[in-house]
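The chain contents come next:
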Amino acid sequence: MIKFDYSDTDWASIERLKKWYSGDVHDSMESLGLWGHLDGISLLGALEPGQVVCGPAVTVLFEQSDRKGEPQDVYHNAIDNAPKGGVLVCDASCAPGSCSGELMSSGAKTRGVAATVVHGTVRDLAQVRALGYALFGSSASPVGVTGKKEPKQSQVPLTIGRAVVRPGDVIFGDIDGVVVIPKERVKDVADAADTLGRHEAAARDRILSGEKLQSIWPA
């Protein structure tokens, strides 16, 4: 079994990032020469208005498989051993089928996982939303995984579009999408987001007080 050690997680910077939203976070990353958007993945589960999720990544890689009986040991182990506040990230794009739905989301929420992000389809959205769980995916599909693919590795780097997600990297998700921040740059991004957020808040107040955009921009 893979060892899950998150003792070096920068929880203080994660808590600071939770004050902002994904646009602030990604703008801050770009100002530092970084790119973190997980292209094509959006919120399909539930978040309260204005709520965000942010935590260290636990990764799972699916591969094509014709085995029956939904062999999910690698995925189940990742869920059962994820740190509280962590975010499961699954690359299940290798074949059709939804690797996450009501049961996987229920198990993750019970373990204190903040969210599940799937590069691939997800299902059982009515039940997941009733559960109040933040499930992200490429789209919805009722198709299952059995006989098509299975989780083969955990705690390995995943490539999703232009971004790479490594175990322990910080995942930020909200209604606009999902961003990954390299774990060694989390404090830098949090610092930049704090500065950008303060500037945007001041600009918003000026706009709402009646000032014209041309007198304020750039914020």
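Scroll up a little and you will see the structure.
Caption draft 1: Looking closely at the overall build of the protein. Helices and strands together make up the secondary structure of the protein, namely seven helices and 12 strands. Against the globule reference of 17 Å for 219 residues, the protein gives a C-alpha radius of gyration of 18 Å, in line with a compact fold. Structurally, the protein occupies a C-alpha span of about 65 × 35 × 30 Å along its principal axes. Sequence separation of 24 or more characterises 75% of the internal contacts of the protein that already satisfy a separation of 6 or more. If you sum the accessible surface of the protein, you get close to 10600 Å²; carbon and sulfur atoms cover 52% of it.

Caption draft 2: View of the pairing of strand 2 (residues 53-64). With nine of its 12 residues buried, strand 2 lies for the most part within the structure. Looking at chain direction, strand 2 and strand 11 (residues 170-174) are connected through four bridges and run antiparallel. Residue pairing in the sheet places V53 in a bridge with G173 of strand 11. In terms of strand pairing, strand 2 meets strand 3 (residues 87-91) through five bridges, oriented parallel. Within strand 3, the position partnered with V60 by the bridge is C90. By the bridge criterion, five bridges tie strand 2 to strand 8 (residues 149-154) in an arrangement that is antiparallel. Bridge pairing in strand 8 places L61 opposite Q153.

Caption draft 3: Representation of the environment of S13. Along the chain, S13 turns up in helix 1 (residues 11-17). C-alpha of S13 to C-alpha of H76: the two residues are 63 residues apart in sequence and 29 Å apart in space. What S13 contacts, discounting residues up to four positions off in sequence, is V186, K187 and A190.

Caption draft 4: Summary view of the pattern of salt bridges. Counted under the stated rule, the structure contains 11 salt bridges. The shortest N-O distance in the salt bridge between D194 and R16 comes to 2.7 Å. With a gap of 178 residues between them, D194 in helix 6 (residues 186-208) and R16 in helix 1 connect regions that are remote in the sequence. Among the residues examined, R16 registers a relative accessible area of 23% and is labelled partly exposed. With a shortest N-O distance of 2.7 Å, E150 and R67 are connected by a salt bridge.

Caption draft 5: Expanded view of a nonpolar patch on the surface. A contiguous nonpolar surface patch, about 350 Å² in accessible area, is contributed by I207, L213 and W217. Of note, I207 is situated in helix 6. Judged by its relative accessible area of 36%, I207 is partly exposed.

Caption draft 6: How the structure looks around the pairing of strand 4 (residues 115-119). In terms of burial, strand 4 is largely enclosed, as four of its five residues are buried. Pairing of strand 3 with strand 4 involves five bridges; the strand directions are parallel. Bridge pairing in strand 4 links V87 to A115. In this fold, strand 3 hands off to helix 4 (residues 102-110), which returns the chain to strand 4; that crossover is right-handed. Looking at chain direction, strand 4 and strand 6 (residues 134-137) are connected through three bridges and run parallel. Directly across from T116, in strand 6, lies its bridge partner L135.

Calculation criteria
- Residues numbered from 1 in each chain as written.
- Predicted model: local features only at pLDDT ≥ 70, side-chain atom pairs only at ≥ 80, totals over all residues.
- Heavy atoms only, no water.
- Helix = DSSP H or I, 4+ residues; strand = E, 2+ residues; numbered from the N terminus.
- Rg over C-alpha atoms; globule rule 2.2 N^0.38 Å.
- Contact = heavy atoms within 4.5 Å.
- Areas by Shrake-Rupley, 256 points an atom, 1.4 Å probe, with all protein chains shown as cover.
- Buried < 20%, exposed > 50% of the residue type's maximum accessible area, 1.4 Å probe, protein only.
- Pairing = 2+ DSSP bridges.
- Salt bridge = Lys/Arg side-chain N within 4 Å of Asp/Glu carboxyl O.
- Patch = residues over 30% accessible without salt bridge, like charges linked within 9 Å, V, L, I, M, F, W, Y side chains within 5 Å.
- Right-handed = clockwise from strand over helix to strand, strands pointing away.

That's the geometry; what it means functionally is another story.
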